[in-house]
Amino acid sequence: MREGHFILLGATGDLALRKIFPALYRAYKDQLLVPSILATGRSHLSREEFLHLLDTKTKPHLKNLDLVLWENFTQHIEYVPMDLTQAQDFKALTQKPLHPNTLIYFSIAPEFFAIACAHLAQVGLNAPQVKIVLEKPLGVDLHSARAIHKSIAKHYQESQIYRIDHYLGKQSVQNLLGLRVSNPWLQALCNHDHVDHVQISVCETLGVESRGGFYDPMGALRDMLQNHMLQMLALLTMPLPSNLDASSIRKAKLSLLQSLKPLDDQAVRHQVVRAQYSANDALVGYRQESHVNPQSQTETFVALKLEIDRPEWVDVPFYLRTGKRMGGSFVQVVVGFKGDNSLVFNIQPNPTISLSLHANAPIVLQSALEGGMDAYQRLILDAFDSNQSAFNHQDELEAAWVWLDPILQAWQANETPLYFYPAGSFGPQEAFELIEKDGRAWHTTGTHHV
Ligand code: BG6
């Protein structure tokens, strides 16, 4: 059983209430963690008022809630109102001696990272036993990602910084690497001799919901592709490190990200499709969502084709697509082998790995991979254990931005059209053409018709 001190910045925010507190509660319930939790937020709430907020906003997200355990859990929580821009407010975080395993979780907008780090450091909360967990977005392009990092690195070493990509905490995503490591036959097949192409789809039926203000300056490329999708791609295709320690895994992912073939203007025009959802009979279009600019040019869908400049992947195309308000919700990684066979990693909702052999029904190799723990729970426990293997290194982030910046710049210069797709569909016709002009098609399964 671990013990640790958890300081949460942004404790009244949506992410904290919907994901972080449930994760802490489950870790407590599973007897994996006894945390002392110091929740902070701008709102001037008493401890009782904050616990009431948890009752109304967090409890509904907990399945099989054990009320007695919940009561016990909440006894470990204190609340302190805090304005991140006010240095004196940070003194409240140091009332007790510094715990040897202290985690500070930044569930706040990145524009507050620099000031929060500086103020934390002023009260000694950058001592070596302190680790910080940072939520994305860590920048909107290479330049801003570097600037954010610079302000953090003034006060914290890389070994103290845990950059969350919650997809890396999903068991089914970790299996992309796990399966390669434990199955040499698969590893032997994963190269251009045998693989025809690879597809990664992250489709959501949800629209932007109440997050228009956050999403409109971001878009799908930054929100999903820069992080979750490129990370899944890296786990599947990176050279297998001989050691599976955090540093070797991170270096292998980095080398893969650095070998993505750069897209020039012409490639952006021909290989990248951006689109935005429009209204259908039942649902409003993106531009009508609240806090969204009615003339917004932001993409809620992107599909692209890329190549990896490594000998084992020569001439193998990778097709990636993601979108909101699509016709189904699923995350799928498909390795299409030559001769019509394919290996499908269903990441969610029902994690399975299945092999489709030519003219036969798919064989399910492994199912129910999720193993109980949710991504946030797993990642918070990893951070308490000082295990950085499922967290991103700054160099990985920068490598991803180096590759993505030309796309963003071409879009900004309006060099490619923004297409539209009706809410509830699987994207614009151009996204189908992107893959069909190469004689291939987006994967369909019995449950997910596209
Ligand atoms: C987040 C994005 O990182 O991932 C959201 O900001 C998206 O826009 C979410 O909905 C998807 O996560 P999951 O775990 O529900 O697939």
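Located above this text is the structure these notes cover.
This report concerns the structure included in the present document. (Residues numbered from 1 in each chain as written. Predicted model: local features only at pLDDT ≥ 70, side-chain atom pairs only at ≥ 80, totals over all residues. Heavy atoms only, no water.)

In space, the 6 strands of this open sheet follow the order β3-β2-β1-β4-β5-β6, with parallel pairing throughout. In this open sheet, the two edge strands, each paired with only one partner strand, are β3 (77–81) and β6 (161–163). Across this sheet, the average inter-strand angle for adjacent strands is 20 degrees, counted without regard to direction. Here strand β1 (residues 2–9) runs beside strand β2 (residues 33–41); their pairing, made up of 8 bridges, is parallel. Across the sheet, residue Phe6 finds its bridge partner in β2, namely Ile37. Contacting β2 and β3, helix α2 (residues 47–57) runs over the sheet at an angle of about 115 degrees to β3. (Pairing = 2+ DSSP bridges. Helix = DSSP H or I, 4+ residues; strand = E, 2+ residues; numbered from the N terminus. Axes fitted to C-alpha atoms, helices over the stretch in contact; angles between N-to-C directions. Contact = heavy atoms within 4.5 Å.)

Our focus in this paragraph is the site of the ligand. As a matter of local geometry, the ligand sits amid Lys136, His166, Tyr167, Lys170, Glu204, Arg211, Asp223, Met224, His228, Lys324 and Gln348. Within the contact set of the ligand, an oxygen atom lies 2.6 Å away from a side-chain nitrogen or oxygen of Asp223. Lys324 places a polar side-chain atom, nitrogen or oxygen, 2.8 Å from an oxygen atom of the ligand. If the ligand stood free it would expose 400 Å²; the protein chains cover 78% of that surface. For the shell around the ligand, the element with the highest residue contribution is helix α9 (residues 220–237), accounting for 3 residues. Of the residues assigned to the shell around the ligand, the class counts are 2 nonpolar, 3 polar and 6 charged. (Near = heavy atom within 4 Å. Polar contact = N/O pair within 3.5 Å; in protein donor to acceptor, adjacent residues only side chain to side chain. Areas by Shrake-Rupley, 256 points an atom, 1.4 Å probe, with all protein chains shown as cover. Nonpolar A, V, L, I, M, F, W, Y, C, P; charged D, E, K, R; others polar.)

This brings us to the pattern of salt bridges. The tally for this structure, following the rule as stated, stands at 16 salt bridges. Its salt-bridge partner being Arg163, residue Glu158 comes within 2.7 Å of it at the nearest N-O pair. A residue is classified by how much of its surface remains accessible, and Arg163, at 2% relative accessible area, is buried. Linked by salt bridges that have partners in common, Glu158, Arg163 and Arg250 make up one network. (Salt bridge = Lys/Arg side-chain N within 4 Å of Asp/Glu carboxyl O. Buried < 20%, exposed > 50% of the residue type's maximum accessible area, 1.4 Å probe, protein only.)

The next thing to look at is helix α3 (residues 67–74). Taken together, the buried positions of α3 are Trp70, Phe73 and Thr74. Projected down its long axis, α3 shows its buried positions confined to an angular sector of 95 degrees, all on one face. Against α1 (14–29), β2, α2 and β3 lie the buried residues of α3. Its side-chain oxygen at 3.1 Å from the backbone nitrogen of Val68, Asp66 defines the N-terminal cap of α3. (Arc of directions from axis to C-beta.)

Pro137 follows Lys136 through a cis peptide bond whose omega is 5 degrees. Here Pro137 lies in the loop between β5 (130–134) and α5 (142–153). The amide bond that connects Gln348 to the next residue, Pro349, takes the cis arrangement and shows omega of 10 degrees. One can find Pro349 in the loop between β12 (342–348) and β13 (352–356). Even without a glycine there, the phi angle at His291 is positive, about 65 degrees. Summarising the element assignment, His291 is placed in the loop between β8 (272–278) and β9 (301–306). Its identity as a non-glycine residue notwithstanding, Arg325 has a phi of 50 degrees, on the positive side.

Attention now moves to the packing of helix α6 (residues 171–182) against α9. At a minimum axis distance of 8 Å, the contact between α6 and α9 shows a crossing angle of 10 degrees. For the element pair α6 / α9, the angle class is roughly parallel. When α6 is examined against α9, the residues Val173, Leu176, Leu177 and Arg180 are found in contact with a partner set consisting of Met232, Leu235, Leu236 and Thr237. Residue composition of the contact of α6 with α9, grouped by class: 6 nonpolar, 1 polar and 1 charged. (Parallel < 35°, antiparallel > 145°, perpendicular 65-115°, else oblique.)

Structurally, Arg163 can be placed in strand β6. Within the local environment of Arg163, its side chain forms a polar contact with the side chain of His149, the two groups lying 3.4 Å apart. A polar side-chain atom of Arg163 sits 3.5 Å from a polar atom in the side chain of Gln394. If near-sequence neighbours (up to four positions away) are discounted, Arg163 is found in contact with Leu134, Leu138, His149, Glu158, Phe391, Asn392, His393, Gln394 and Leu397.

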